[in-house]
Amino acid sequence: MRTVTKLAGFAVGLTAVFGATYGIGRVVDPTPVAESRHEAATTPSAPEHGGTADQLPGGLLVSERGYTLEPADAPAGEFAFRIAGPDGRPVTRYEVAHDKQMHLIVARRDLSGFRHVHPELGPDGTWRVDTPLTGPGQWRAFADFTPTGGEPLTLGVDVTVPGELTERPLPAPATSTTVDGYTVTLTGAPQPGRTSSLTLTISRDGQPVTDLEPHLGAYGHLVALRRGDLAYLHVHPDGTPGDGRTRPGPAVTFLAEVPSTGSYRLYLDFQHGGRVHTAEFTVVPGAAPTSSGPAPTGGADHGTPGHGHN
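Residues numbered from 1 in each chain as written. Predicted model: local features only at pLDDT ≥ 70, side-chain atom pairs only at ≥ 80, totals over all residues. Heavy atoms only, no water.

A. Just the overall build of the protein, in detail. Secondary structure summary: the protein contains one helix and 22 strands in total. Taking all 310 residues of the protein together, 49% fall into the buried category. Once local pairs closer than 6 in sequence are excluded, the contacts in the protein between residues at least 24 apart make up 65%. Taken as a whole, the protein presents about 13,600 Å² of accessible surface, with 50% of it coming from carbon and sulfur. (Helix = DSSP H or I, 4+ residues; strand = E, 2+ residues; numbered from the N terminus. Buried < 20%, exposed > 50% of the residue type's maximum accessible area, 1.4 Å probe, protein only. Contact = heavy atoms within 4.5 Å. Areas by Shrake-Rupley, 256 points an atom, 1.4 Å probe, with all protein chains shown as cover.)

The following block contains the structure:
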């Protein structure tokens, strides 16, 4: 069933709802705007899925290794943030990873919305982008980056968009889905605590797609989010375009390691015909996925997928 909820402008109840798992937070914008922000605590108390703070998956912390994700004031229709370094000042130098200095991923907490965009860095260290938040809801924003001279990091912060929210159930596990006229089939299943091979095969009108275009340095880009705490897993492709062995489709293989049992949502970005498409799957590590034929990604029970690349 779908539950309709009203989200107040500053979502006062979020502290009570998420405090046990994500830590007590604070609302950042002092003036009414389209989006209000609620930060996770630096260190969650009693991680829901086990593990210590030193071994947590990415995206569960707003601050790690001296770096902090700080939402910034922005006009309506824009999303802005900074990364504060160990000296407390905004970081202005980043390494390029997967063709970009910053990857911003946002997902609604019921996993019915997902977007992956690339903000632009200003001279003052503020990242800005047209807002990727496509509607009312409780969202998690992930900043995936590597500071110059540092290690890769993924920091996360809660963001609330006020309005009438329709909560949607997580789709059942399946091995096939459709998006924009493409059929994507999943082979392989993740296993908790060990590396697994996941292959996604793309076809269109019954024919294999053999001319995928490179996107972010690969023929596919996969993000996995764990239901509940939204632990962020950036999964790496096996092979790169131009390496002499990796074909441009129809199959794209990834090496994935999930830290626990539970339900995960997979988001595959692939580019074909000059456009990026996003296919979504639900997987349960350790269980064999079931399939009743291709189901449209983001159907009536799970929202229309919004996806942008800037």
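This is not the end of the story, as more comes after the structure.
B. Focus on unusual backbone geometry. Cis peptide bonds are those with omega within 30 degrees of zero, and the linkage from Gly-249 to Pro-250 qualifies with 5 degrees. With respect to the element layout, Pro-250 can be found in the loop between β18 (232-237) and β19 (251-257). Phi angles above zero are rare outside glycine, and Arg-65 is one such case at about 55 degrees.

C. Expanded view of the layout of surface pockets. Taken as a whole, the largest pocket holds about 560 Å³ of empty space. If you go around the largest pocket, you meet 27 residues; those closest to its centre are Pro-152, Thr-154, Tyr-232, His-234 and His-236. Counting residues per element, the lining of the largest pocket draws most heavily on β18, which supplies five residues. In the lining of the largest pocket, the residues fall into 13 nonpolar, eight polar and six charged. (1 Å grid on protein atoms, 1.4 Å probe; cavity = no way out; pocket = protein on both sides within 12 Å on 5 of 7 lines; lining within 4 Å. Points joined across faces, edges and corners; volume = space filled by probe spheres on them. Nonpolar A, V, L, I, M, F, W, Y, C, P; charged D, E, K, R; others polar.)

D. Just the pairing of strand β15 (residues 195-204), in detail. Note: strand β14 (residues 182-187) against β15, six bridges, orientation antiparallel. Among the inter-strand pairings, Thr-187 is bridged to a residue of β15, identified as Thr-199. Looking at chain direction, β15 and β19 are connected through seven bridges and run antiparallel. If you follow Thr-199 over to β19, its bridge partner there is Thr-253. Once β15 ends, the chain turns through two residues before running back antiparallel as strand β16 (residues 207-208), passing Asp-205 with a positive phi of about 55 degrees. (Pairing = 2+ DSSP bridges.)

E. Layout of the packing of aromatic side chains. The tally for this structure, following the rule as stated, stands at six aromatic pairs. Ring plane angle 70 degrees and centroid distance 5.1 Å describe the contact between Tyr-94 and Trp-127, whose orientation is recorded as edge-to-face. Remark: Trp-127 occurs in strand β9 (residues 126-130) and Tyr-94 occurs in the loop between β5 (78-84) and β6 (102-108); sequence separation between them is 33 residues. Here the two residues Tyr-94 and Trp-127 agree in accessibility, since each one is buried. Aromatic pair Phe-114 and Tyr-267: ring centres 4.0 Å apart, planes at 5 degrees, arrangement stacked. In this pair, Phe-114 sits in strand β7 (residues 114-117) while Tyr-267 sits in strand β20 (residues 264-272), placing the two residues 153 residues apart along the sequence. Comparing Phe-114 with Tyr-267, the two get one shared label, buried. Chaining the aromatic ring pairs together yields one cluster made of Tyr-94, Trp-127 and Phe-145. (Phe/Tyr/Trp six-rings, centres within 6.5 Å; stacked < 30°, edge-to-face > 60°.)

F. Local environment of the sheet that holds strand β8 (residues 120-121). Pairing within the open sheet is antiparallel, and its five strands lie in the order β3-β4-β5-β9-β8. Two strands bound the open sheet, and with one partner strand each, they are β3 (63-64) and β8.

G. Broad picture of the environment of Leu-230. With respect to the helices, strands and loops of the structure, Leu-230 is situated in the loop between β17 (221-226) and β18. Residue classification places Leu-230 among the buried residues on the basis of a relative accessible area of 0%. Sequence-wise, Leu-230 and Leu-111 are 119 residues apart; in three dimensions their C-alpha atoms are separated by 8.6 Å. Setting aside anything within four residues of it in sequence, one finds Leu-230 in contact with Leu-60, Ala-107, Arg-108, Arg-109, Leu-111, Arg-140, Phe-142 and Leu-225.

H. Geometry of the side chain of Thr-146. Looking at the secondary structure, you find Thr-146 in the loop between β10 (137-145) and β11 (153-161). Residue classification places Thr-146 among the buried residues on the basis of a relative accessible area of 12%.

I. The arrangement of the pattern of salt bridges in detail. Taken as a whole, this structure holds eleven salt bridges when the rule is applied. Residue Glu-64 is joined to Arg-65 by a salt bridge in which the shortest nitrogen-to-oxygen separation is 3.9 Å. A relative accessible area of 23% means that Glu-64 is categorised as partly exposed. Of the residues examined, Arg-65 reaches a relative accessible area of 49% and is grouped as partly exposed. (Salt bridge = Lys/Arg side-chain N within 4 Å of Asp/Glu carboxyl O.)

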